[in-house]
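# Fold and contact review
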Amino acid sequence: LQLTGRTGQALLSLGRADEALEKLRVAQAGGFNPPDIQRAFGLALVANGLYAEAERAIVDIPADSRGNLELVQGYLLLERGADAPAEEALRRFVDIRPTDPAALNLLATAVYRQQRYSESVALLERATDLDPANETWAANLERARAALAAEGLASEAESTRAATN
């Protein structure tokens, strides 16, 4: 069961959430459920769109010093479009694990959706500094910088319009 659970974690980290869920479900059902496996199970449920089941699984994740509960809560809320509550949960997770680039990326997503582009850029710059080879962080950083630039141009245009009227 331990090998099955650890294989599920590895599959999840490779972005193969559907395969991961199958392995993690077997491990959980068999009684192998340390906090990191519970976290992976919850994340796999969310990644597979099984939000109601993920909410039920969260109840079993103990609050711990590694932020397992906060990560799953934040990701679930983010996927459900509850950006402000997701930000709160993800901020707690980033406070616990400030050098986790994936967590910084998720938090950047939450603030980006709230149109706080400057903050999103800063978070994504940190994520990219921590993991320069990750294409996801780089693409998200490029998108956030473009949104910030567009916001600046819109503000300049509005100022010019107001000055000429």
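Residues numbered from 1 in each chain as written. Predicted model: local features only at pLDDT ≥ 70, side-chain atom pairs only at ≥ 80, totals over all residues. Heavy atoms only, no water.

### A closer look at the overall build of the protein chain
Condition: Secondary structure counts use DSSP, requiring at least four H or I residues in a row for a helix and at least two E residues in a row for a strand, with both numbered from the N terminus. Note on classification: 1.4 Å probe, protein chains only; a residue is buried when its accessible area is under 20% of the maximum for its type, exposed when over 50%, partly exposed between these limits. All accessibility values rest on the Shrake-Rupley procedure with a 1.4 Å probe; residue burial counts only the protein chains present in the view.
Along the protein chain, the regular secondary structure elements total 9 helices and 0 strands. Helices (α) and strands (β) of the protein chain occur, in sequence order from the N terminus, as α-α-α-α-α-α-α-α-α. Its C-alpha atoms give the protein chain principal-axis dimensions of about 70 × 30 × 30 Å. Looking at the protein chain as a whole, 40% of its 165 residues qualify as buried. When the accessible surface of the protein chain is summed, it comes to about 8,800 Å², and 52% of that surface belongs to carbon and sulfur atoms.

### Let's talk about the environment of Thr164
In this fold, Thr164 is placed in helix 9 (residues 135-164). You can call Thr164 exposed: its relative accessible area is 61%. In the structure, Thr164 is positioned 78 residues away from Ala86 in sequence and 42 Å away in space, judged by C-alpha atoms.

### Observations concerning the pattern of salt bridges
Put simply, the test is: Take a side-chain nitrogen of Lys or Arg and a carboxyl oxygen of Asp or Glu: if they are within 4 Å of each other, that pair is a salt bridge.
The final tally for this structure, using the stated rule, is 11 salt bridges. Between Asp100 and Arg97 there is a salt bridge, and its shortest N-O distance comes to 3.4 Å. Here Asp100 falls in the buried class, since its relative accessible area comes to 18%.

### Here's the deal with the side chain of Gln9
The criterion, for reference: A contact between two residues is defined here by any heavy atoms of the two lying within 4.5 Å.
One can find Gln9 in helix 1 (residues 2-13). Using a relative accessible area of 17% as the deciding quantity, one classes Gln9 as buried. Sequence-distant contacts of Gln9, defined by excluding residues within four places in its chain, comprise Leu24, Asp36, Ile37, Arg39 and Ala40.

### Thoughts on the environment of Ala84
Here Ala84 shows up in helix 6 (residues 83-96). Residue Ala84 is classed as partly exposed on the basis of its relative accessible area of 37%. In this structure, the C-alpha to C-alpha distance between Ala84 and Arg113, residues 29 residues apart in sequence, is 9.1 Å.

### Quick look at the packing of helix 7 (residues 101-113) against helix 9
To be explicit about the condition: Note on method: axes are straight lines fitted to C-alpha atoms, helices fitted across the in-contact stretch only, with angles between N-to-C directions ranging 0 to 180 degrees. Any angle between 65 and 115 degrees counts as roughly perpendicular, while under 35 counts as roughly parallel, over 145 as roughly antiparallel, and the rest as oblique. For any pair of crossing helices, the crossing counts as left-handed if the nearer helix is rotated counterclockwise from the farther one by less than a right angle, and right-handed if it is rotated clockwise. All residues other than Ala, Val, Leu, Ile, Met, Phe, Trp, Tyr, Cys, Pro, Asp, Glu, Lys and Arg, Gly among them, are scored as polar; the first ten of these are nonpolar and the last four charged.
Packing of helix 7 against helix 9 brings their axes to within 11 Å, and their N-to-C directions diverge by 25°. Judged by the inter-axis angle, helix 7 sits roughly parallel to helix 9. Relative to helix 9, helix 7 is oriented so that their crossing is left-handed. Of helix 9, the residues touching helix 7 (which contributes Pro101, Ala102, Asn105 and Tyr112) are Thr136, Trp137, Asn140, Arg143, Ala144 and Ala147. Its residues assigned to classes, the contact of helix 7 with helix 9 comprises 6 nonpolar, 3 polar and 1 charged.

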